[in-house]
Amino acid sequence: MKRGEWIDRESLFAFEAEGTNAHRLCTIDLGWAERFGHDVLISFRTVDACDRLTVELEKWWTAVDFPISRVFARLLPKKNEERERPKLLFGNENESLQTIATENHLKFGIEFGTGYSVGLFVDQRENRRFVSQSKPGRVLNCFAYTCSFSVAAAVAGSRTVNVDLSKKSLERGRQNFSLNELSTDGHQFIADDVRPVLRRLARRSEKFDVIILDPPTFSRTKGGAAFHVEKDFEELIAAAMELADRNATILLSTNCETLNEQALERMARYALKLSRRSGTFHREPPPSDFPPGSGARSVWLTLH
């Protein structure tokens, strides 16, 4: 799919056939539009980009005869502290801001009224599919947010450990387990900073078959210390390797615009050297609804 193009009717029906109604509709230089069921979220960096996407969206849904209930929009700010929840542009303002979207027949809770992010990052769809198909025994999901990776793993029979600083996000993760009729028995939800949790797990000699590392570009710990993905990711990868079982796979992923896949590989190679381990890299096929260079940059590292 090219930048500036809207998804065609054939691709829309293909997503429906695979049980997916959460995906990208269009990407332009300064924004994008994504679908969550019959709702659409426009993310924009400039007012002009928002206006363009809004006008084109109306033409698109008329052309493909697709029913849309509501349209929300959110500004993509330069600083995290300037983030605001999406605003309703079109639709019934009395309708619940909570809804459910599906991905490969899995259900995920979507909330347009509680924060900047609505509950599911659709650019990680192929990585979640890879986890599910791998059928790992144990999964460590760092920066777990609403635990979408863990739901995909649990459906395949995996046990998971979910770590996130936000208790509210982890509660939404539990709700996602419930939506898919999954028991949370055998799954842990730890509301804490990732780095001290990794150290505690290492002291207990715990091992995992899959480790998910998809940190925010910038965040603050409970104590107020800053985490910058550009300078702290390497240390995080090295700490995760201590918990990786033989032949384990580690997802290295980021939305930081200054880091690409080659940078992630360089960081991982340094961590491999420190841990005196070897490994190989691969990338899952990019989602078909994302133009090249858009979405999260991701690399899978398989340890030997």
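Going by the structure above, here's the rest.
Cut-off values and rules
- Residues numbered from 1 in each chain as written.
- Predicted model: local features only at pLDDT ≥ 70, side-chain atom pairs only at ≥ 80, totals over all residues.
- Heavy atoms only, no water.
- Pairing = 2+ DSSP bridges.
- Helix = DSSP H or I, 4+ residues; strand = E, 2+ residues; numbered from the N terminus.
- Right-handed = clockwise from strand over helix to strand, strands pointing away.
- Axes fitted to C-alpha atoms, helices over the stretch in contact; angles between N-to-C directions.
- Buried < 20%, exposed > 50% of the residue type's maximum accessible area, 1.4 Å probe, protein only.
- Contact = heavy atoms within 4.5 Å.
- Core = buried A, V, L, I, M, F, W, Y, C linked by side-chain atoms within 4.5 Å.
- Salt bridge = Lys/Arg side-chain N within 4 Å of Asp/Glu carboxyl O.
- Phe/Tyr/Trp six-rings, centres within 6.5 Å; stacked < 30°, edge-to-face > 60°.
- Lys NZ or Arg CZ within 6 Å of the ring centre and 35° of its normal.
- Polar contact = N/O pair within 3.5 Å; in protein donor to acceptor, adjacent residues only side chain to side chain.

Engineer: Is there a simple way to explain the pairing of strand E10 (residues 188-191) in this structure?
Structural biologist: Taken residue by residue, a regular strand's side chains alternate between the two faces of the sheet. One ladder, built from 4 bridges, connects strand E9 (residues 159-164) with E10; its direction is parallel. Paired with Val 161 across the strands is Gln 188, a residue of E10. The parallel pair E9 and E10, bridged by helix H5 (residues 167-179), forms a crossover whose chirality is right-handed.

Engineer: Please clarify how the sheet that holds strand E4 (residues 70-75) should be interpreted in this entry.
Structural biologist: Strand pairing in a sheet takes place through backbone hydrogen bonds and is either antiparallel or parallel in direction. The strand order across the open sheet built from 5 strands is E1-E2-E3-E4-E5, with neighbouring strands paired in mixed fashion. With one partner strand each, in any of the chains shown, strand E1 (22-28) and strand E5 (87-90) form the two edges of the open sheet. Ignoring strand direction, the axes of neighbouring strands in this sheet form an average angle of 25°. Relative to E4, strand E3 (residues 39-44) runs parallel, the two being bridged by 6 bridges. In the strand pairing of E4, Asp 39 is matched with Arg 70.

Engineer: Please explain the environment of Thr 217 as it appears in this structure.
Structural biologist: Looking at the secondary structure, you find Thr 217 in the loop between strand E11 (208-213) and strand E12 (218-220). Taking the relative accessible area as the measure of exposure, Thr 217 reaches 37% and is therefore partly exposed. Taking the C-alpha atoms as reference, Thr 217 lies 24 Å from Leu 274; in sequence the two are 57 residues apart. Excluding residues that lie within four positions of it along the chain, Thr 217 makes contacts with Phe 227, His 228, Val 229, Asn 255 and Cys 256.

Engineer: How do you make sense of the nonpolar core when you look at a structure like this?
Structural biologist: When a protein is soluble and globular, its nonpolar side chains tend to lie buried together. Leu 140, Ile 211, Leu 213 and Phe 233 are the most contacted members of the largest nonpolar core, which totals 38 residues. Of all the secondary structure elements, the ones that give two or more residues to this core are strand E8 (138-142), E9, helix H6 (194-203), E11, helix H7 (229-241), strand E14 (244-254), helix H8 (261-275) and strand E16 (297-303). Considering every element that reaches this core, the biggest residue donor is H7, with 7 residues.

Engineer: Explain the sheet that holds E10 here, please?
Structural biologist: Overall, mixed pairing links the 7 strands, which are arranged E10-E9-E8-E11-E14-E16-E15 in an open sheet. At either margin of the open sheet sits one strand with a lone partner, and together these are E10 and strand E15 (279-282). Strand-to-strand, the axes of this sheet are offset by a mean angle of 15°, without reference to chain direction. Here E11 runs beside E14; their pairing, made up of 5 bridges, is parallel.

Engineer: Would you explain the pattern of salt bridges in this entry?
Structural biologist: Two side chains that carry opposite charge are able to pair once their charged atoms sit near each other. Scanning the model with the defined rule gives 20 salt bridges in all. Arg 129 is the partner of Glu 18 in a salt bridge, and the nearest nitrogen-oxygen pair spans 3.9 Å. Linking Glu 18 in the loop between helix H1 (9-17) and E1 with Arg 129 in helix H3 (residues 125-134), this pair joins segments that are 111 residues apart in sequence. Taking relative accessible area as the criterion, Glu 18 reaches 27% and is therefore assigned partly exposed. Among the salt bridges present, the one from Asp 39 reaches Arg 70, with a minimum N-O distance of 2.8 Å. Placement of the pair is Asp 39 in strand E3 and Arg 70 in strand E4, with a sequence separation of 31 residues. Here Asp 39 and Arg 70 have matching classes, each one buried. A network of salt bridges, in which partner residues are shared, links Glu 18, Arg 125, Glu 126, Arg 129 and Asp 289.

Engineer: Please clarify how the pairing of strand E6 (residues 98-103) should be interpreted in this entry.
Structural biologist: Two strands pair when backbone bridges link them, and E6 and strand E7 (residues 106-111) are joined in this way by 6 bridges, in the antiparallel orientation. Of the residues in E7, the one forming a bridge with Ile 100 is Gly 109. Hairpin connection of E6 to E7: 2 residues between the antiparallel strands, including Asn 104 at a positive phi of 50°.

Engineer: Sorry, what's going on with the packing of aromatic side chains here?
Structural biologist: By convention here, two paired aromatic rings are described through the distance between centres and the angle between planes. Scanning all chains against the criterion turns up 9 aromatic pairs. Aromatic pair Phe 36 and Phe 112: ring centres 6.4 Å apart, planes at 80°, arrangement edge-to-face. Placement of Phe 36 in strand E2 (residues 31-36) and of Phe 112 in the loop between E7 and H3 is noted, with a sequence separation of 76 residues between them. With a relative accessible area of 1%, Phe 36 lands in the buried category. With centroids separated by 4.1 Å and ring planes inclined at 5°, the aromatic side chains of Phe 72 and Phe 112 adopt a geometry described as stacked. With Phe 72 in strand E4 and Phe 112 in the loop between E7 and H3, the pair connects residues that are 40 residues apart, well separated along the chain. Within the aromatic cluster, the residues linked to one another by ring pairs are Trp 6, Trp 60 and Phe 66. One cation-aromatic arrangement involves Arg 74 over Tyr 116; the distance from NZ or CZ to the ring centre is 4.4 Å. In this arrangement the basic side chain of Arg 128 is found over the ring face of Phe 149, its NZ or CZ atom lying 5.7 Å from the centre.

Engineer: Help me understand the side chain of Ser 158, please; the structure alone is not making it clear to me.
Structural biologist: Summarising the element assignment, Ser 158 is placed in the loop between helix H4 (148-155) and E9. On the accessibility criterion, Ser 158 (3% relative accessible area) is buried. Here the side chain of Ser 158 touches Pro 136 through a polar contact of 2.5 Å, landing on its backbone oxygen. Beyond its immediate chain neighbours, meaning those up to four positions away, Ser 158 contacts Lys 135, Pro 136, Gly 137, Val 139, Ala 153 and His 187.

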